[in-house]
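Notes for the structure review
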Amino acid sequence: MLIPHPLLGLRDSQEFTYLGDASLMQRPDASLDNAEAAFCDYVFLRDNPAGVHRELWFHEQGDRSWLVVTRDTTTHEILGAELASDVKGAAK
Amino acid sequence: MTRLTGGLIDRNAPLNFTFNGKTYKGFQGDTLASALLANGVQLMGRSFKYHRPRGVFAAGSEEPNAMVELRTGARQEPNTRATVTELFDGLIARSQNHVGPLERDFLAVNDLLSPFFAAGFYYKTFMWPKAFWEKLYEPMIRKAAGLGSLSMLPDPDDYDKGFLHCDLLVVGGGAAGLAAALTAGRAGAEVVLADEDFALGGRLTMESDLLDEAAATDWIASAKAELESLPNVRLMTRTTVFGVYDHGIYGAVERVSDHLAVPGDKVRQTLWRITAKRAVLAAGATERHMPFADNDRPGVMLAGAMRAYANRWAASPVKQDSDAIAIFTNGDDGHRTAMDLIAKGANVLGVIDARDAAPRFGDYEVFAGSTVTGTKGRLGLTSIEITRNGQSQWHNVGALGVAGGWNPNVHLASHHRGRPVWDDSLLAFVPGPNGPAGLIPAGAAAGKGGTEEALSDGMRAAITALSEIGVTASEIALPKAENMPSEQVAFWHVPGTKRATKKRAWVDFQNDVTVKDIALAHKENMTPVEHLKRWTTLGMATDQGKTSNISALAVMAELTGKSIPETGTTIFRPPYTGVSLGVLGGGDTGPLFRPRRLTPTHAWAEAQGAEFVEVGPWMRAQYFPRAGEATWRETVDREVLAVRSGVGLCDVTTLGKVDVQGADAGEFLNRMYSNMMGTLKVGMVRYGLMLREDGHAYDDGTCARMAEDHYVVTTTTANAGLVYRQMEFAHQCLWPELDVQLISTTDAWAQIAVAGPKSRELLTRIVDEFDLSNEAFPFMACSELTICNGLRARLFRISFSGELAYEIAVPARYGHALMQRLMEQGADLNATPYGTEALAVLRIEKGHAAGAELNGQTTAQMLGLGKMVSAKKDSIGAVMSRREGLAAEKRRLVGFKSVEPQKQAMAGSHLFTEGAVQDMSTDQGWLTSSCYSPHLKGYIALGFLENGDTRMGEIIVAANPVEGQTVKLEVVSAHFVDPEGGRLRA
């Protein structure tokens, strides 16, 4: 697969390490009353959609960026790739 | 000899080769199959199941029958198709899958027993008694049904991997492929043209068609010369594109030196990963046959293959020139073979055409409305039975060509589950519209098999492909060519073999699947193609049913009364043809399996005679034996005692190092580590414990605060890359607002542990005016400094051994020199290098956790570090570490002493109270680490024991049922040495 790195252009997926569902970026607030339940969901429960999936890839053999890649899991079509820090920053 | 005239062989370059020990002669340009045919050898092998005598059936990589073993010794290679084996001088080939000589295979008895080996026999026959399957039936069947044999020696050849990028990949160098490559090449596009054959031209080299009213080889030669002259075109012969992968990535194997006796200084094969913006699939077509009774005798082959042998290799399919040849066809194509054979002077009996209104294109007999209904000849065809309207007559022939129509090679187009679609006019599946993105089928692969239409379709495909990526290509002048007549009817097999007991008509030759087997599968309701395949093993042999799948579908369609596309389609998967494991490894074998990392003192340690051990990707010195030491234990005991009584030196560079800088570095590390790091004073070091987000202990190390906004943290060797990745994740994905920068400096700094009561004295001799006194530089201090007259260094007063100890870091290139300097300066102090074994003994004696204790199943509480998980702040894993299941965990890290000091309890042993039944319900924990302690002169261990911290002095049992061992242990503190820590602070 080829990943369209937002800074470096098309890069071979072999340069990356895969982590999984981008929901891992939504770490719960530890100070909440239901923190333990929220962390349980965060750590153990993932959606596994057949279709469009937002997921985290680490450019480990490259510039060490974490990317949020939007991929169709049924066709492997890559619909987009963003820097995770931009995605997180924009959400704040 | 049955060599014909002409052909593309070099008669000035004769080659000698042997087949089953007999020497034959061929020519440069021959394949093993063509040379054997030209020597009158029809019998080339035995079938997989019934051990039936078999001859060559095809002329390309689709060959099901002529499988041979090549070469001898370590280069012996089984299951090689004689049809694609290029002849070289001295080639040694043997037929396979027979016991005794090929002509009298003892396992041919299987053929007589064939009623017992019908479809699905595995599932029915060998079920009882159950234990017999593994011990008797399976090994027996495997032995009898095996193909070739392996040498069992290491492969002496080299393999390589390569990467290519191009605008257009052209798969296949026949008429369509060459036209596509010329069109794209002239347009200036980056082109890769790959063909599995050693010669370019594809089917053009095997036909008698004229191009521009001259031999097709003239045009091929000029096209090849032009493509070779273009710097933007790469021609790759002997290269099979075997698979289509995501986003325009193609896998290909180049057989660099398979055609040489030995590769010499070349690699044997190269695995290419080709990234192409677009690709043209010009892979041609494969002829199919029409099953009839006893159609598997040597001498029966595809009519197109027969034509190829005659035209390209000047080889006749018969044993003697005088033997007659017949053609059995359902269309015009079979007549072409007759015409070409006649032109070569062969003795053609005639064409048996299933059509009542059969045409005649030349001076030969036509048996219209006729079929072949039987054959004779034990080791080679001697006669065939021709039947018309129930009237049969036997004719003597030495060879029979079968022309059942052509199947486009849609394989690559279906690699992404692209379903081929049925074309009723072509009576074949062609690539469907939902194939891999960017792959455009052309020529015969797209159902356009006439020479004229293949050429123009190749050009069109290239223009279309390039226009999609913004490159304008012009039409090129193509040579004048014709499309030969190709009328045919839907005639799939000769009726009468579905149920008759004696007559068998083979569909899949390599796996011995007959029409009757398909009828049986239908009767047993295995009608979906997926079931048909697995029940009968059709298409599951090394040829993957290239010549049989469609015929089988047609037979099943007839049985079910459905159309062929309703019955099913075959979805092909990579690889197109077999790929050797050697080339997939691409040379990454033995020590080259993965990169090996060497420490800065590796060469020095080697010179000291050190033994090395693999630690993850690193090679680390394990121990440094001295003359007179009989066992490794003697060496390790000496090294340990040297550290405890004097000073020892150990390269600890492999521990991960991460440089953390920025205004929020302290806050960031507060969130990464379970304990507080933000409060650490500049110039001090703190032990840190990291958790996983699920609350388990993950990694440990030290954090040294070099400046207000600068920390240097260490990780374990094993987790160096993972922890760094996790820290980058936390920084970029969780808290990008923190002002912090991270970089791994593991390889940038060489780090040496200087440990033992005399370590301060030794270091005093190399530092530049630096106060090492306990007051100025106490336990857990750190500093930047210079040593050896100006070399910048970092010094940490940390201890893994429990002794007064330091770790000193210098830029990696000075690591070797630093070790030498320390050894010179410490000669009178008996400075002793120690390896990973002594390192482990020292840390077990001190009760420090390492990989065996931080194994992913343990918690901070279990490690006795529960208080390190700060409740004052959030950190990775903090919330989950407090959940009920983990908080209730009662096992604790403690030490153990063998009651009989010289008896070792193995790490991994499980712990039980004395006299208890030993099972899961009474299990009290396990041993993690164990060693001989020269300090205590007996075996000790660390482990997790239920409520261990309250059971000091109790005698328990360590059980190792794998080795039938039980050892009595006394529960003690994990700190075997200096539990008060006085030595650390001395």
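Residues numbered from 1 in each chain as written. Chains lettered and ligands numbered in written order. Predicted model: local features only at pLDDT ≥ 70, side-chain atom pairs only at ≥ 80, totals over all residues. Heavy atoms only, no water.

Here we look at the packing of aromatic side chains
Note the cut-off: Note on ring pairs: Phe, Tyr and Trp rings are taken, using the six-membered ring of Trp, and paired if centres are within 6.5 Å. Classes follow the plane angle, with under 30 degrees stacked, over 60 edge-to-face and the rest tilted. Numbered from the N terminus, helices here are DSSP runs of H or I no shorter than four residues, and strands are runs of E no shorter than two. Accessible area is worked out with a 1.4 Å probe on protein chains only. A residue is then buried under 20% of its type maximum, exposed over 50%, and partly exposed in between. Over a ring means this: the NZ of a Lys or the CZ of an Arg is within 6 Å of the ring centre and within 35 degrees of the ring normal.
Within this structure, the stated rule accounts for 18 aromatic pairs over all chains. Ring centres of Phe328 of chain B and Phe491 of chain B lie 6.4 Å apart, and the angle between their planes is 75°; on these two criteria the pair is classed as edge-to-face. Here Phe328 of chain B is found in strand E18 (residues 325-329), whereas its partner Phe491 of chain B is found in the loop between helix H9 (451-468) and strand E29 (506-508), with 163 residues between them in sequence. With relative accessibility at 19%, the residue Phe491 of chain B sits in the buried group. For the pair Trp422 of chain B and Trp492 of chain B, a centre-to-centre distance of 6.1 Å together with 50° between the ring planes defines the contact as tilted. Here Trp422 of chain B is found in strand E26 (residues 421-423), whereas its partner Trp492 of chain B is found in the loop between H9 and E29, with 70 residues between them in sequence. In this structure an aromatic cluster arises from ring pairing among Phe16, Tyr18 and Trp57 of chain A. The side chain of Lys546 of chain B reaches across the aromatic face of Tyr576 of chain B, ending 4.7 Å from its centre. In this arrangement the basic side chain of Arg671 of chain B is found over the ring face of Trp735 of chain B, its NZ or CZ atom lying 5.1 Å from the centre.

Considering the packing of helix H16 (residues 632-645) of chain B against helix H21 (residues 836-846) of chain B
Residues and elements named next belong to chain B. How we decide: Throughout, an axis means a line fitted to C-alpha atoms (over the contacting stretch in the case of helices), and angles, computed between N-to-C directions, take values from 0 to 180 degrees. When describing relative orientation, an angle under 35 degrees is termed roughly parallel and one over 145 degrees roughly antiparallel, while 65 to 115 degrees is termed roughly perpendicular and anything else oblique. In this scheme the handedness of a crossing depends on how the near helix is turned from the far one: anticlockwise by less than a right angle means left-handed, clockwise means right-handed. When checking whether two residues touch, look at their non-hydrogen atoms; a contact exists if any pair is within 4.5 Å.
Between H16 and H21, whose axes approach to 9 Å, the crossing angle comes to 55°. Classed by the angle they form, the pair H16 and H21 counts as oblique. Classified by chirality, the crossing of H21 by H16 is right-handed. Contacts from Trp632, Val636, Glu639, Val640, Val643 and Arg644 of H16 reach H21 at Glu837, Ala838, Val841, Leu842 and Glu845.

So, the environment of Ser551 of chain B
Residues and elements named next belong to chain B. Relative to the elements of secondary structure, Ser551 occurs in helix H12 (residues 549-560). The exposure class assigned to Ser551 is buried, which follows from its relative accessible area of 1%. Residues Ser551 and Gly404, spaced 147 residues apart in sequence, show a C-alpha to C-alpha distance of 9.0 Å. Setting aside residues no more than four positions away along its own chain, Ser551 makes contact with Arg288, His289, Pro291 and Val507.

Notes on the nonpolar core
All names here are of chain B. Going by this rule: Among buried residues, the Ala, Val, Leu, Ile, Met, Phe, Trp, Tyr and Cys ones that are joined through side-chain atoms within 4.5 Å form a nonpolar core.
Ranked by size, the top nonpolar core spans 57 residues in total, and within it Leu32 and Tyr309 carry the most contacts. Tallying contributions element by element places helix H7 (residues 303-313) first for this core, with 7 residues. Leaving out residues up to four positions away in the same chain, Leu32 has contacts with Phe17, Val68, Leu70, Ala82, Thr85, Leu87, Leu91 and Ala93.

Some remarks on the sheet that holds strand E6 (residues 78-83) of chain A
What counts is decided by this rule: A pair of strands counts as paired when DSSP detects no fewer than two bridges linking them.
Strand order in the open sheet made by the 4 strands is E3-E4-E5-E6 (chain A), with antiparallel pairing throughout. Here the strands that pair on one side only, and so sit at the sheet edges, are strand E3 (17-21) and E6 of chain A. Looking at each pair of strands side by side, their axes are set apart by 25° on average, direction ignored. Sitting on the sheet, helix H18 (residues 720-734) of chain B is in contact with E3, strand E4 (52-58) and strand E5 (66-72) of chain A, with an inclination near 80° to E5 of chain A.

Regarding a positive patch on the surface
Using the following cut-off: Like-charged residues within 9 Å of one another, or nonpolar side chains (Val, Leu, Ile, Met, Phe, Trp, Tyr) within 5 Å, are grouped into patches, provided each residue has over 30% relative accessible area and no salt bridge. The Shrake-Rupley method, run with a 1.4 Å probe, gives the accessible areas here. Residue values count only the displayed protein chains as cover. One side-chain nitrogen of Lys or Arg within 4 Å of one carboxyl oxygen of Asp or Glu is enough to make a salt bridge. When charges are tallied, Lys and Arg are placed among the positive residues and Asp and Glu among the negative ones, while His and the ends of the chain are skipped. The atoms used to mark charge sites are NZ of Lys, CZ of Arg, CG of Asp and CD of Glu.
A surface patch of like charges, here positive, comprises Arg417, Arg419, Arg534 and Arg573 of chain B. Relative to the helices and strands, Arg573 of chain B is located in the loop between helix H13 (564-567) and helix H14 (581-585).

Remarks on the interface of chain B and chain A
Operational definition: When two parts are brought into contact, each loses some accessible area as probed by a 1.4 Å sphere; the total of that loss over both is the buried area. Charged residues are taken to be Asp, Glu, Lys and Arg, nonpolar residues to be Ala, Val, Leu, Ile, Met, Phe, Trp, Tyr, Cys and Pro, and polar residues to be all remaining types, Gly included.
Each side of the interface is counted separately: chain B has 30 residues, and chain A has 32 residues. If you sort the residues of chain B by the area they bury against chain A, His247, Arg725 and Gln732 of chain B come out on top, with a joint share of 24%. Connecting chain B to chain A are 5 salt bridges. Between Glu728 of chain B and Arg64 of chain A there is a salt bridge, with the nearest N and O atoms lying 3.9 Å from each other. Going through the elements one at a time, strand E15 (269-281), H18, strand E39 (741-744) and helix H22 (878-881) of chain B are the ones with two or more residues in the side of chain B that touches chain A. Ranked by residues supplied to the side of chain B that touches chain A, first place goes to H18 of chain B with 8 residues. Its residues assigned to classes, the side of chain B that touches chain A comprises 13 nonpolar, 6 polar and 11 charged.

Structural notes on the domain arrangement of chain B
Spelled out, the test is: Here the bounds of each domain stem from an automatic or database domain assignment.
Once the domains are mapped, chain B shows domain 1 (159-285 + 408-468), domain 2 (286-406 + 486-567) and domain 3 (890-986). Its C-alpha centre places domain 1 of chain B at a distance of 67 Å from the equivalent point of domain 3 of chain B.

Focus on the sheet that holds strand E38 (residues 710-715) of chain B
All names here are of chain B. The strand order across the open sheet formed by 5 strands is E36-E37-E38-E35-E39, and the pairing between neighbours is antiparallel. Strands at the two margins of the open sheet, each flanked by one partner only, are strand E36 (685-691) and E39. Across this sheet, the average inter-strand angle for adjacent strands is 25°, counted without regard to direction. Looking at chain direction, strand E35 (residues 656-661) and E38 are connected through 6 bridges and run antiparallel.

Comments concerning the environment of Thr514 of chain B
Residue and element names in this part refer to chain B. Checked against the element boundaries, Thr514 lands in strand E30 (residues 513-514). Residue Thr514 is classed as buried on the basis of its relative accessible area, which comes to 3%. Taking the C-alpha atoms as reference points, Thr514 and Pro291, separated by 223 residues in sequence, lie 8.3 Å from one another. In this structure, Thr514 is in contact with Arg504, Ala505, Trp506 and Val507, ignoring residues within four places of it in sequence.

Things to note about the pairing of strand E1 (residues 10-19) of chain B
Residues and elements named next belong to chain B. Summarising the sheet, E1 and strand E2 (residues 22-28) pair through 7 bridges and their orientation is antiparallel. Residue pairing in the sheet places Asn16 in a bridge with Lys25 of E2. With antiparallel pairing between neighbouring strands as the criterion, E1 and E2 make up a hairpin whose turn holds 2 residues, including Asn20 at a positive phi of roughly 50°. Taken together, the 3 bridges between E1 and strand E7 (residues 91-95) define a ladder with parallel strand orientation. Residue Phe17 lies in a different strand from E7, and its bridge partner there is Leu91.

Some remarks on a nonpolar patch on the surface
The grouping of Val109, Leu112 and Leu113 of chain B at the surface amounts to a nonpolar patch, some 280 Å² of accessible area in total. With respect to the helices, strands and loops of the structure, Leu113 of chain B is situated in the loop between helix H2 (109-112) and helix H3 (121-125).

Some thoughts on the environment of Phe912 of chain B
Residue and element names in this part refer to chain B. Relative to the helices and strands, Phe912 is located in strand E46 (residues 910-913). As for Phe912 and Lys49, which are separated by 863 residues in sequence, their C-alpha atoms are 56 Å apart. If sequence neighbours within four positions are ignored, Phe912 has contacts with Val917, Gln918, Asp919, Thr922, Asp923, Gln924, Ile956, Val957 and Ala959.

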